[in-house]
Amino acid sequence: MSAVPSRRTIRVDALARVEGEGALDIEVRKGAVSDVKLRIFEPPRFFEALLRGRLYSEAPDITARICGICPVAYQMSAVHALERAYGVEIDPAVRALRRLLYCGEWIESHALHVYMLHAPDFLGYESAIHMAQDHPGLVELGLKLKKTGNEIVSAVGGREIHPINVRVGGFYRVPTRAELLPLAEKLKWATETALETVRWVAGFPFPDFEQSYEFVALRHPSEYPLNEGRIVSSKGLDIDAAAYEEHFFEEHVPHSNALHSVLKERGSYHVGPLARYSLNFDRLCPEARDAAREAGLRPTCSNPFRSIVVRAVETVEACAEAARIVAAYEPPGRPTADVVPRGAVGHACTEAPRGILYHRYRTDEQGLIVDAKIVPPTAQNQKTIEADLWRFVGENLRLPDDELTWRCEQAVRNYDPCISCATHFLKLTVDRQ
Amino acid sequence: MSRALVIGVGNRTRGDDAVGSAVIRGLRADPPAEVDLYEESGEATALIETWQGRERVILVDAAAGEGSPGTIRRFEAHEGSLPAALFATSTHGFGVAHAVELSRALRTLPPTLIVYAVEGEDFEAGHGLSLPVADAVREVVGQVRRDIQPNFREA
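Residues numbered from 1 in each chain as written. Chains lettered and ligands numbered in written order. Predicted model: local features only at pLDDT ≥ 70, side-chain atom pairs only at ≥ 80, totals over all residues. Heavy atoms only, no water.

Caption draft 1: Spatial organisation of helix α14 (residues 401-413) of chain A. Between its first and last C-alpha, α14(A) extends 18 Å over 13 residues, near the 18 Å set by a 1.5 Å rise per residue. The complete set of buried residues in α14(A) reads Leu404(A), Thr405(A), Cys408(A), Glu409(A), Gln410(A), Ala411(A), Val412(A) and Arg413(A). (Helix = DSSP H or I, 4+ residues; strand = E, 2+ residues; numbered from the N terminus. Expected span 1.5 Å × (residues − 1). Buried < 20%, exposed > 50% of the residue type's maximum accessible area, 1.4 Å probe, protein only.)

Caption draft 2: A look at the interface of chain A and chain B. Residue-level contacts link 21 residues of chain A with 14 residues of chain B. Both sides together, the interface formed by chain A and chain B hides about 1,500 Å², and carbon and sulfur atoms give 72% of it. Counting the contacts that link chain A with chain B gives 0 salt bridges. Seen at the junction of chain A and chain B, the total is 1 residue pair in polar contact (both at pLDDT 80 or more). Those elements giving two or more residues to the side of chain A that touches chain B turn out to be α4 (92-123), α5 (128-134) and α6 (136-157) of chain A. Of all the elements, α6(A) adds the most residues to the side of chain A that touches chain B, at 6 residues. Considering only residue class, the side of chain A that touches chain B consists of 12 nonpolar, 1 polar and 8 charged. (Contact = heavy atoms within 4.5 Å. Buried area = accessible area lost by both parts, 1.4 Å probe. Salt bridge = Lys/Arg side-chain N within 4 Å of Asp/Glu carboxyl O. Polar contact = N/O pair within 3.5 Å; in protein donor to acceptor, adjacent residues only side chain to side chain. Nonpolar A, V, L, I, M, F, W, Y, C, P; charged D, E, K, R; others polar.)

Caption draft 3: Summary view of the layout of surface pockets. Residue and element names in this part refer to chain A. Reported here for the second largest pocket is a volume of approximately 460 Å³. Looking at the second largest pocket, it is lined by 20 residues, and the ones nearest its centre are His80, Glu83, Arg84, Asn227 and Glu228. For the lining of the second largest pocket, the secondary-structure elements that each account for two or more residues are α3 (71-86), α4 and β11 (344-352). In terms of residues, the lining of the second largest pocket owes the most to one element, α3, which gives 3 residues. Tallied by class, the residues present in the lining of the second largest pocket amount to 7 nonpolar, 5 polar and 8 charged. (1 Å grid on protein atoms, 1.4 Å probe; cavity = no way out; pocket = protein on both sides within 12 Å on 5 of 7 lines; lining within 4 Å. Points joined across faces, edges and corners; volume = space filled by probe spheres on them.)

Caption draft 4: Fine view of helix α1 (residues 19-28) of chain B. Residues and elements named next belong to chain B. Buried residues dominate α1, accounting for 7 of its 10 residues. Inspection of α1 places Val19, Gly20, Ser21, Ala22, Val23, Ile24 and Leu27 among the buried residues, and these make up the whole buried set. Packing partners of the buried residues in α1 comprise β1 (4-9), β2 (35-40), β3 (56-63), β5 (112-119) and α4 (131-148).

Caption draft 5: The side chain of Glu108(A), seen in detail. Residue and element names in this part refer to chain A. Within the secondary structure, Glu108 sits in helix α4. In this structure, Glu108 is buried with no salt-bridge partner, the nearest side chain bearing the opposite charge being Lys146 at 4.6 Å. For Glu108, the contacting residues outside a window of four places in its chain are Lys146, Gly149, Asn150, Val153 and Glu160. (Lys, Arg positive; Asp, Glu negative; His and termini not counted.)

Caption draft 6: Just the packing of aromatic side chains, in detail. Residue and element names in this part refer to chain A. Counted by the stated rule, this structure contains 14 aromatic pairs over all chains. Residues Trp106 and Tyr224 carry aromatic rings whose centres are separated by 6.2 Å and whose planes lie at 90° to one another, so their mutual orientation is edge-to-face. One end of the pair, Trp106, is in helix α4; the other, Tyr224, is in the loop between β6 (216-219) and β7 (230-233), with 118 residues separating them in the sequence. Take Trp106 and Tyr224: they sit in the same class, and that class is buried. Arranged with centres 5.2 Å apart and planes meeting at 40°, the rings of Phe305 and Phe392 form a pair that is tilted. On the criterion of sequence distance, the pair formed by Phe305 in the loop between α11 (286-294) and α12 (307-328) and Phe392 in helix α13 (residues 377-395) is long-range, its members being 87 residues apart. In this structure, Phe305 and Phe392 share a single accessibility class: buried. Cluster of aromatic residues (ring-pair linked, three or more members): Tyr115, Phe122, Trp200, Phe204 and Phe206. Looking at Arg391, its charged tip hangs above the ring of Phe209, at a distance of 4.4 Å from the centre. (Phe/Tyr/Trp six-rings, centres within 6.5 Å; stacked < 30°, edge-to-face > 60°. Lys NZ or Arg CZ within 6 Å of the ring centre and 35° of its normal.)

Here's what the structure looks like:
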């Protein structure tokens, strides 16, 4: 009599529009979800072992190779960890340039995800290619916005992908004022476009799906977090990056080549735009805050499907912040501070587009890396993605398999997962019995 | 008229994925006149940007489909879709085949876009080109020279 079979299997063998190779298996038994596995089979990449025996100065360029989307994040976490190990003080102008470089990466990464990867889910298109056939202007806008980010990374980092200008202590060469000024007009356009993007995505249909996450993000005394801040959570965590491993640990699960990261006391947690926004709403610039309010967001957002709106708000923040840095830019007296290696340990966390990225290095007196630890954001979100799917599938069992599969993929894409980073991801299977 | 453009796609450090780079190096050994030679990772948005406004573009990439290693396939992408299964996906699942279709939808596809796909066998990090692919590189370099300079005659 029942139209709903008691046993169902939903399988996505290769998740699309995510970075890297992964799959999703969901089992339904007697009308209830009995198992959810985000299977990551992108091979492990052993970067931490690769760093052993290398000179401290190589860390930013080696770790940048972990990801083609967020190389700046790896470079920033690496240089900050090593500078803390060696007690290096950074020139304020170098600090501002690093923020500018990071803004470039956020704009690039968020524009790609909002327009090319996530928007098609909400508008009912199989891919950005199908969306481009009906809405070429939108896709062009997204690509142009992304390009503005690329141009920042190029101007400060030396090239668009895997920048080559970042070093422990500062930069190899700093741009002149004249070299950065052409960005000013482009960033004015980009800020306006990002504001329009917030209005556009705010009108998408969102499922009513609020989760009670423990959000974890950086928090800085006065800025929206990029490179600096304490690691804080919505359940009272407030620590320096040096205490990260006292509170978080990584565990191996058989179905994933990426380690699952958990809070020792409370288990899964959520990093990325939703966490950053909800813990730092008061640190957004007035343009971004007003745009968020106008888009109907409250100061805390716990609906992962609305992450696309938060990413658009963060794009406004990154464009406006980049414009401010460019307008005020005066080159530092020296491109880099002196760095004297010593036997030491250094830790740092920075805010990659997908969430906090933790690095820890121990070096000997010559600056050779003795051991390294890298915890990327997607590894930290794996358990939370699985938890979202447990509830989401349970509430949507009435949907036919093809639509349920689509929605599950969308739920995974809420996190913009970067599987290549996490393995240092997707096939979906829903098994209904 | 814009200069012709040859794009070698791939990763130099991953075995036969370096075929695009190897063809560019082969062309640089005796650079053809009025031609730009670029290497790209294969990220779709970068490819679209690179070929925008160009009239004649030739792209060389490795393929991991069917057939024996070193097999050269030539496609006129301006005429029709590439077989997506041949081209390994790239960052965020956007590869060469996707770049071609996205560019076609945006009406920015060059009027001539010739794509060479060379079947590889070994894509391991740290490996060089396999012998059949190394042999194919010489053949593709010659074919690309003919494509960009229809009057070119081999010495």
